[in-house]
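Structural description and commentary
Chain by chain, the residues:
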Amino acid sequence: MIKNGHHANEEAGSTEPGGSACSPAKRKRVVRVWCDGCYDMVHYGHSNQLRQAKAMADHLIVGVHTDEEIAKHKGPPVFTEEERYKIVRSIKWVDEIVEAVPYVTTLATLDEYNCDFCVHGDDITLTAEGKDSYEEVKREGRYRECKRTQGVSTTDLVGRMLLMTKTHHSNLDNPDYQQHTDNFGKSPKGNSPWTGVSQFLQTSQKIIQFASGKEPQPGDTIIYVAGAFDLFHIGHVDFLEMVYKQAERPYIIVGLHFDQEVNRYKGKNYPIMNIHERTLSVLACRYVSEVVIGAPYAVGKDLLDHFKVDLVCHGKTEVFPDKDGSDPYAEPKKREIFRTIDSGNNLTTDDIVQRIIANRLQYEARNQKKEAREVALIDTLKRKEQQDKNEAATHAAQ
Ligand code: CTP
Ligand code: C5P
């Protein structure tokens with residue numbers, strides 16, 4: 001059914017089922033793809049994996065592991081399974097999710113959900129016993145790879161929170177930002193290329209891939225919301241879902257504040273994710289149509305008129321005053337287009353950071369263990385490659 005072999009090709013789907021080489025009958029067939037994972041502290045790296053998987057097929061099903069299963073193979077997750085199911089559902093490329101799937105991906109699972117193949121990033125996922133969890137599906141040619149997103153991982157984000165650094169902020173005259181350090185500030189030498197961290201570089205291509213590309217249509221209700229949307233979490237998802245329900249045909253524009261602005265009103269080392277990272281996280285949400293990258297703090301006349309905003313919403317969280325002490329929503333309130341939305345969820349970015357700090361030692365141990373296993377695997381693969389080369393050379397000499 002599916003050609004054997006796999007490759008780390010971002011848009012590999014374009015040459016596979018549905019491509020010009022297929023018969024018209026095959027072209028009509030719906031191709032179903034499977035992805036699975038922990039999807040803990042979901043970030044734009046996860047979203048980008050799901051985007052690439054969806055580009056290879058018509059229907060994307062995502063299997064998410066339980067807390068118990070993750071604890072057994074990797075260490076305890078930061079988010080509960082209910083939270084992780086909800087955030088994966090909110091990602092716009094996901095058609096369906098399956099709860100509580102096993103850590104090891106089997107042919108039986110792919111067949112049960114009628115999936116042609118599964119897609120995973122080009123890193124290796126190991127079980128508690130150190131075995132590749134995709135061994136069976138790889139052997140049977142039902143495995144494809146997409147590119148793992150460089151420069152982001154849960155490990156890195158946890159490191160930023162624990163170290164309280166600001167070096168990740170997008171700040172032109174910050175020399176530290178150029179340095180290539182890992183999550184605990186060490187040189188990356190000897191680290192795993194997967195869990196070991198490098199810096200994320202935003203490109204116009206990535207924004208195009210994540211953006212909806214849709215202009216507002218006549219009859220759409222243009223709704224504007226603003227904020228930090230840092231460590232994009234289910235509180236944000238619940239809020240945006242409620243905002244989406246405010247109109248029959250909503251067109252939601254999210255105004256993201258620059259890092260320095262967020263730091264002014266939130267303090268400490270906030271935001272944990274810089275403006276480039278927050279842009280992708282928000283664009284991956286199914287309710288969002290457009291993002292303003294670096295929105296003015298005060299929602300003023302120019303902005304409202306430029307986007308022809310019909311409604312401005314804010315959740316029940318605190319509204320911090322502008323630098324001069326004024327209310328940033330004064331103008332929409334004057335125009336009577338301001339609405340407070342109850343997301344029914346009181347999770348905050350601060351809560352997530354507190355959860356992680358409370359479990360600091362456990363997370364450090366988990367991260368170190370994961371990376372050590374990856375480094376050990378790379379060493380084994382390198383040794384095997386050298387051994388094969390030596391054997392080939394011996395053969396040639398005989
Ligand atoms: N993934 C990715 N890019 C990243 C992080 C994850 O493409 N920067 C992909 C993984 O390759 C996998 C999927 O997202 O196919 C789900 O990953 P998950 O099981 O949640 O765990 P990790 O790969 O360990 O992600 P992290 O290190 O961020 O915890
Ligand atoms: O705090 P932040 O700027 O990220 O919030 C963005 C928007 O999401 C705000 O309108 C905030 O009130 C809303 N929100 C919410 N419920 C939460 C978290 C955020 O309504 N639990």
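Here's a quick rundown of the structure.

Procedures and definitions
- Along each chain, residue indices are assigned from 1 in the same order as the chain's sequence is written.
- To label them, take the chains in the order written and letter them from A, then take the ligands in the order written and number them from 1.
- With the structure being a predicted model, the display of local features is reserved for residues of pLDDT at least 70 and the display and counting of side-chain atom pairs for 80 or more, all residues being used for whole-chain, interface and lining totals.
- Excluding hydrogens and water, the side-chain figures rest on all heavy atoms present in the structure.
- In this description a helix means any DSSP run of H or I spanning at least four residues, a strand means any run of E spanning at least two, and both kinds are numbered starting from the N terminus.
- Throughout this description, a polar contact denotes any pair of N or O atoms lying within 3.5 Å of each other; where both atoms belong to protein, one of them has to be capable of donating a hydrogen while the other can accept it, and for residues adjacent in sequence the pair is counted only when both atoms sit in side chains.
- To be near a molecule or strand, a residue needs just one of its heavy atoms within 4 Å of it.
- Note on areas: these come from Shrake-Rupley sampling with a 1.4 Å probe, and a residue is covered only by the protein chains present in the view.
- Each residue is assigned to one class: nonpolar for Ala, Val, Leu, Ile, Met, Phe, Trp, Tyr, Cys and Pro, charged for Asp, Glu, Lys and Arg, and polar for all the others, Gly among them.
- Whether a residue is buried, partly exposed or exposed follows from its accessible area with a 1.4 Å probe, protein chains only, as a fraction of its type maximum: under 20%, in between, or over 50%, in that order.
- Here, any two strands with at least 2 DSSP bridges between them count as paired.
- Here is how to tell: hold the view so the strands point away, follow the path from the first strand over the helix to the second, and if it runs clockwise the crossover is right-handed.
- What makes two residues a contact is simply this: any of their non-hydrogen atoms within 4.5 Å.

Some details on the environment of Asp 305
As for its placement among the helices and strands, Asp 305 is situated in helix α12 (residues 301–306). Of the polar contacts made by the side chain of Asp 305, one reaches the side chain of Arg 335; its length is 3.0 Å.

Remarks on the site of ligand 2
Of all residues adjacent to ligand 2, which total 15 residues, the nearest are Ala 228, His 236, Thr 317, Asn 345 and Leu 347. Here Asn 345 contributes a backbone N or O atom positioned 2.8 Å from a nitrogen atom of ligand 2. In isolation ligand 2 offers 460 Å² of accessible surface; the protein chains occlude 91% of this area. The greatest single-element share of the shell around ligand 2, amounting to 3 residues, is contributed by helix α9 (residues 234–244). Class assignment for the residues of the shell around ligand 2 results in 4 nonpolar, 10 polar and 1 charged.

Brief notes about the pairing of strand β7 (residues 250–256)
Here β7 lies mainly inside the structure; 7 of its 7 residues are buried. Where burial is concerned, the two faces of β7 agree: the one with Pro 250, Ile 252, Val 254 and Leu 256 and the one with Tyr 251, Ile 253 and Gly 255 are both buried. Pairing of strand β6 (residues 221–227) with β7 involves 7 bridges; the strand directions are parallel. Directly across from Ile 223, in β7, lies its bridge partner Ile 252. Assessed by its sense of winding, the connection that carries the chain from β6 through α9 to β7 is right-handed.

Considerations on helix α4 (residues 81–89)
Along α4, the residues classified as buried are Glu 83, Arg 84, Tyr 85, Ile 87 and Val 88. For α4, the secondary structure elements touched by its buried residues are β2 (59–64), α3 (67–73), β3 (96–99), α9 and α14 (349–358).

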